[in-house]
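# Remarks on the overall topology
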Protein chains: 2
Amino acid sequence: MTQERNIDFKKFPVAGIRLGVACAGIKKGKSTSDRSDLVLIEIAENSHTVAVFTQNAFCAAPVVISKKHLTLSSPRYLLVNTGNANAGTGEQGIDDAISCCDMVANVASVKTSEVLPFSTGVIGEYLPVSKFQKAINSAYENLSEDNWESAAKGILTTDTVVKAFTRSLNINNQTITISGIAKGSGMIRPDMATMLAYIATDAKLGQGLLQNCLLDAVNHSFNRITVDGDTSTNDSAILIATGQSGLELAKDSAELSAFQGALTEICEELAKDIVRDGEGATKLISIAVSGCKDDKEAKDVAFTVAHSPLVKTAFFASDPNWGRILAAVGRAGVTDFDLSKVNIALDDVYIVRDGGKASDYSEERGQKVMDKSDITIHIDLGRGDKEIMVWTCDFSYDYVRINAEYRT
Amino acid sequence: MTQERNIDFKKFPVAGIRLGVACAGIKKGKSTSDRSDLVLIEIAENSHTVAVFTQNAFCAAPVVISKKHLTLSSPRYLLVNTGNANAGTGEQGIDDAISCCDMVANVASVKTSEVLPFSTGVIGEYLPVSKFQKAINSAYENLSEDNWESAAKGILTTDTVVKAFTRSLNINNQTITISGIAKGSGMIRPDMATMLAYIATDAKLGQGLLQNCLLDAVNHSFNRITVDGDTSTNDSAILIATGQSGLELAKDSAELSAFQGALTEICEELAKDIVRDGEGATKLISIAVSGCKDDKEAKDVAFTVAHSPLVKTAFFASDPNWGRILAAVGRAGVTDFDLSKVNIALDDVYIVRDGGKASDYSEERGQKVMDKSDITIHIDLGRGDKEIMVWTCDFSYDYVRINAEYRT
């Protein structure tokens, strides 16, 4: 059941973006209220749309088609279905994805290549194409600028919370809006938790600039979260600039910086919500690694800790078992590691100072931090000025239950 | 409680090796019968001893001292304690490890540097040095060639089965014996599951040759298993050649090949037993990756699948969820991946052929394999002739329970 959150969806509308939602009957086993499983997003003409997709070599059919269509046309419609990922479905999967784009193209009188398809759900089952036409018609008919809330719900699968953020920026007495919605509760929830994110703004940006903005935001948000280290075959993040505010953001301008900051913030909030909603998660763990020689070693240390099942189960148990963090840092592959320079803290409680157990550490102080639901692990290698922040969650019985019982 | 297994320990004795066991009272919370926690292994003079240690940058104190002593002398005694890892203990940990070596040196009239210390247990607590002297005396007094069984039990911590294998080789009408014991039930069981392995033979080999034999065996066994991807700060594997059979194995000889084969087999069996006894494990999963361009990509694919929590929970649930294996292979970072050449099978049941779902696959056939407790995943990339075999276990509620409840 989706939890209700206090999000003011009245602030979300972006001029040039309309959203429509329908029930195609693809997603199974949900209560009536959660049954919407098809979302159509209409993009006004003269907009720019950019995207980043999964790095998994096994791309799902919709990813293959979306990438191709982006090279041919500027998208006018995004078609999202949940309940079936159309992944591992070979040639037929490709044909099915194109068929669905055709349906939208016919209804909306655009070219097939102006439609991008997105799917999330079970891998290895063919898309029930016959269920799409009626739902697409229905979603097209209810297209509205005000449908952000129902769209945010419609793209969810087994997520337990709606993920949506918006920011308004006042630039030179003009207001621009950036709004985003996302889904995902594992990097891949068995086969159900592809990460999908759709972000739109009424600011005006050139295609190349927009692509750089998205890449930069994704690198500081969606690429820095992990629930279980598994990457979906369907992950996609889309950024649309309709330009309808009339405010143009020029390269290297202060205005662009402000826009980039707000965009990154939205992506970061969406990403953290995905981790908080991670399979079986009870805690959000931020991992701040600093004092590194280069970006690679910062990333290696951060993700080695973030992926460690031993660290994650210790956080689930609220056990200040600092030896596990130390051991994970130690196996991250840092060369010429001088342990005597390493400091590690949980929030403001030092557990390791100069490579040894901190003299002012006590189980009681450690326990106080571990009892929180939002904890930062600070790891300083003391050998440079590179740093990184990544987010993960704890590892609970429910993770095993969700992933072992799925499909049964 | 340690399960009894049908191992014929009468075949284990190796001329030149004596073992002694004692209860020092370091290991807590065990039943009386399992209380031995200190093992002393005596190595006859003129033996050769080689070792490989953890790659974790945070080496425990006993690892630091063992490495140092190996550069100074040929070891005469190995001292193993369980219940405390003497890791994360700084300078005092080093002093404590040396103190324990001193005690053995005094009792046995050897140099301190002729003693190697090994510890496994909780990280971050100081070694209770005062408990060692009496237990060392006791272990020294009961040194015997026939004590392999009690030594195999004495090095265990939370392991549920004894891990011991022996092989005899008949070479030119002479018999040589190779015997090994090991402990470990996670690569690091919270802080309790350091992997320790002690292998001895009465064959005669030079130091360099012996080191190569151990490295080769370890690379095909202990370095190819994973329970949770975490590497202990204390992992050690030791190989001793007493030479007392009188049979010398020359470089590049057929006899040496036979010896290497038997040694690798013992290490492989010990390694597989560690995985079978993995935390909460209900299944042994062998991952055979073939058709790779080079060794690195074979290893990357194998360990990406072996570490995937989604693959491991699917095996726990006996769920033939082949999409998870496919997705894990896809994110292993293989460059220029031609999916259409990939074949994947569970035992003899193909799930993926030429990159797509195998046409002869059925849930029923997949289910039949998944219901077994010993399963091989065959993954062929179809782009070269390099291959690898690694072993992992499934991921169960008990893994979380063991790792979350430990210390509480």
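Here is what the cut-offs are and how they apply
- Residues numbered from 1 in each chain as written.
- Chains lettered and ligands numbered in written order.
- Predicted model: local features only at pLDDT ≥ 70, side-chain atom pairs only at ≥ 80, totals over all residues.
- Helix = DSSP H or I, 4+ residues; strand = E, 2+ residues; numbered from the N terminus.
- Rg over C-alpha atoms; globule rule 2.2 N^0.38 Å.
- Contact = placed C-beta atoms within 7 Å.
- Pairing = 2+ DSSP bridges.
- Domains from an automatic or database assignment.
- Nonpolar A, V, L, I, M, F, W, Y, C, P; charged D, E, K, R; others polar.
- Axes fitted to C-alpha atoms, helices over the stretch in contact; angles between N-to-C directions.
- Parallel < 35°, antiparallel > 145°, perpendicular 65-115°, else oblique.
- Left-handed = near helix turned anticlockwise from the far one by under 90°.
- Buried ≥ 20, exposed ≤ 12 C-beta atoms within 10 Å, placed from the backbone.
- pLDDT = per-residue confidence, 0-100.
- Arc of directions from axis to C-beta.
- Expected span 1.5 Å × (residues − 1).

## Here's the deal with the overall build of chain A
Across its full length, chain A carries 11 helices and 16 strands. A compact globule built from 408 residues would reach a C-alpha radius of gyration of about 22 Å, and chain A, at 22 Å, matches this within 12%. Its C-alpha atoms give chain A principal-axis dimensions of about 70 × 55 × 40 Å. By sequence separation, contacts in chain A at least 24 residues apart represent 80% of the contacts at least 6 residues apart.

## Digging into the pairing of strand 6 (residues 163–171) of chain A
Every regular strand shows the same layout, with side chains that alternate between the two sheet faces. Residue and element names in this part refer to chain A. Sheet topology note: the strand 6/strand 7 (residues 174–183) ladder contains nine bridges and is antiparallel. Residue Ile171 lies in a different strand from strand 7, and its bridge partner there is Gln174. With antiparallel pairing between neighbouring strands as the criterion, strand 6 and strand 7 make up a hairpin whose turn holds two residues, including Asn172 at a positive phi of roughly 50°.

## Focus: the pairing of strand 15 (residues 374–380) of chain A
Examined bridge by bridge, strand 11 (residues 284–292) of chain A and strand 15 of chain A share seven bridges and lie parallel to one another. When the bridges of strand 15 of chain A are listed, Ser286 of chain A appears paired with Thr376 of chain A.

## Section: the domain arrangement of chain A
Residue and element names in this part refer to chain A. Its domain assignment divides chain A into domain 1 (9–276) and domain 2 (284–405). Here the C-alpha centre of domain 2 lies 33 Å away from the C-alpha centre of domain 1. Listed by partner, the interface residues are 10 residues for domain 1 and 10 residues for domain 2. Of all elements in the fold, only strand 9 (225–226) and helix 6 (254–276) reach the threshold of two or more residues within the side of domain 1 that touches domain 2. Here the element with the most residues in the side of domain 1 that touches domain 2 is helix 6; it accounts for four residues. The residue inventory of the side of domain 1 that touches domain 2, partitioned by class, reads five nonpolar, two polar and three charged.

## Some remarks on the sheet that holds strand 13 (residues 349–353) of chain A
Residues and elements named next belong to chain A. Read across the open sheet, the seven strands follow the order 9-16-11-15-12-13-14; overall the sheet is mixed. Sheet topology places strand 9 and strand 14 (356–357) at the edges, where each strand pairs with a single neighbour. Judged from the three bridges that link them, strand 12 (residues 343–346) and strand 13 form a sheet pairing that is antiparallel. Counted as the bridge partner of Leu346 is Val349 from strand 13.

## Let's talk about the packing of helix 2 (residues 90–108) of chain B against helix 3 (residues 132–141) of chain B
The description of two helices packed together rests on the angle between their axes and the distance between the axes. All names here are of chain B. Put simply, helix 2 and helix 3 touch, their axes get as near as 10 Å, and they point 40° apart. Here helix 2 lies oblique to helix 3, going by the angle between them. For the pair helix 2 and helix 3, the sense of crossing is right-handed. Residues Cys100, Met103, Val104, Val107 and Ala108 of helix 2 form the contact with helix 3, whose participating residues are Phe132, Gln133, Ile136, Asn137 and Tyr140. The class makeup of the residues in the contact of helix 2 with helix 3 is eight nonpolar, two polar and no charged.

## Considerations on unusual backbone geometry
All names here are of chain A. With a phi angle near 60°, Asp252 is a residue other than glycine that sits in the positive phi range. For Asp252, the location among the structural elements is in the loop between strand 10 (236–241) and helix 6. A positive phi angle, close to 50°, is found at Asp347, a residue other than glycine. For Asp347, the position within the fold is in the loop between strand 12 and strand 13. Judged by local crowding, Asp347 falls into the partly exposed class, with 15 C-beta atoms found within 10 Å.

## Examining the sheet that holds strand 14 (residues 356–357) of chain B
Residues and elements named next belong to chain B. If you trace the seven strands from one edge of the open sheet to the other, you get 9-16-11-15-12-13-14, paired in mixed fashion. The strands lining the two open edges of the sheet, one partner per strand, are strand 9 (225–226) and strand 14. Packing of helix 6 (residues 254–276) onto the sheet brings it into contact with strand 9, strand 11 (284–292) and strand 16 (386–393), and relative to strand 16 it is tilted by some 40°.

## Quick word on the environment of Met370 of chain A
As for its placement among the helices and strands, Met370 of chain A is situated in helix 10 (residues 363–370). The exposure class assigned to Met370 of chain A is buried, which follows from the 20 C-beta atoms found within 10 Å.

## A few points about the confidence of the model for chain A
Residues and elements named next belong to chain A. For chain A, per-residue confidence averages 89 on the pLDDT scale, and residues scoring 70 or more make up 93% of the total. With pLDDT under 50 throughout, residues 187–192 is counted as low confidence; its partners more than four residues away or in other chains account for 31 contacts. Scored as a complex, the prediction yields pTM 0.79 and ipTM 0.71.

## Looking at helix 3 of chain B
Residue and element names in this part refer to chain B. For helix 3, the complete set of buried residues consists of Phe132, Ala135, Ile136 and Ala139. Angular distribution of buried residues about the axis of helix 3 spans 100°; they occupy a single face of the element. Elements that come into contact with the buried residues of helix 3 comprise strand 1 (17–22), strand 2 (38–43) and helix 2.

## Some remarks on helix 6 of chain B
Over its 23 residues, helix 6 of chain B extends 33 Å from the first C-alpha to the last, a length consistent with the 33 Å expected when each residue adds 1.5 Å. Residues of helix 6 of chain B that are buried: Phe259, Ala262, Leu263, Ile266, Cys267, Leu270, Ala271, Asp273, Ile274, Val275 and Arg276 of chain B.

## Regarding the environment of Gly280 of chain B
Residue and element names in this part refer to chain B. Its location among the elements puts Gly280 in the loop between helix 6 and strand 11. Taking the C-alpha atoms as reference points, Gly280 and Asp398, 118 residues apart in sequence, are found 4.4 Å from one another. In contact with Gly280, other than residues within four places in its own chain, are Ser396, Tyr397, Asp398, Tyr399 and Ile402.

## Quick notes on the packing of helix 7 (residues 295–307) of chain B against helix 9 (residues 322–330) of chain B
Residues and elements named next belong to chain B. Here helix 7 crosses helix 9 at 135°, and the two axes come no closer than 8 Å. As judged from the angle between their axes, helix 7 and helix 9 are oblique. Like other packed secondary-structure pairs, helix 7 and helix 9 cross with a definite hand, here right-handed. Here Val301, Thr304 and Val305 of helix 7 come into contact with helix 9, specifically with Ile325, Ala328 and Val329. Considering only residue class, the contact of helix 7 with helix 9 consists of five nonpolar, one polar and no charged.

## Observations concerning the environment of Cys292 of chain B
With respect to the helices and strands, the residue Cys292 of chain B is situated in strand 11. Among residues more than four places away in sequence, those in contact with Cys292 of chain B are Glu297, Ala298, Leu381, Arg383, Gly384, Lys386 and Glu387 of chain B.

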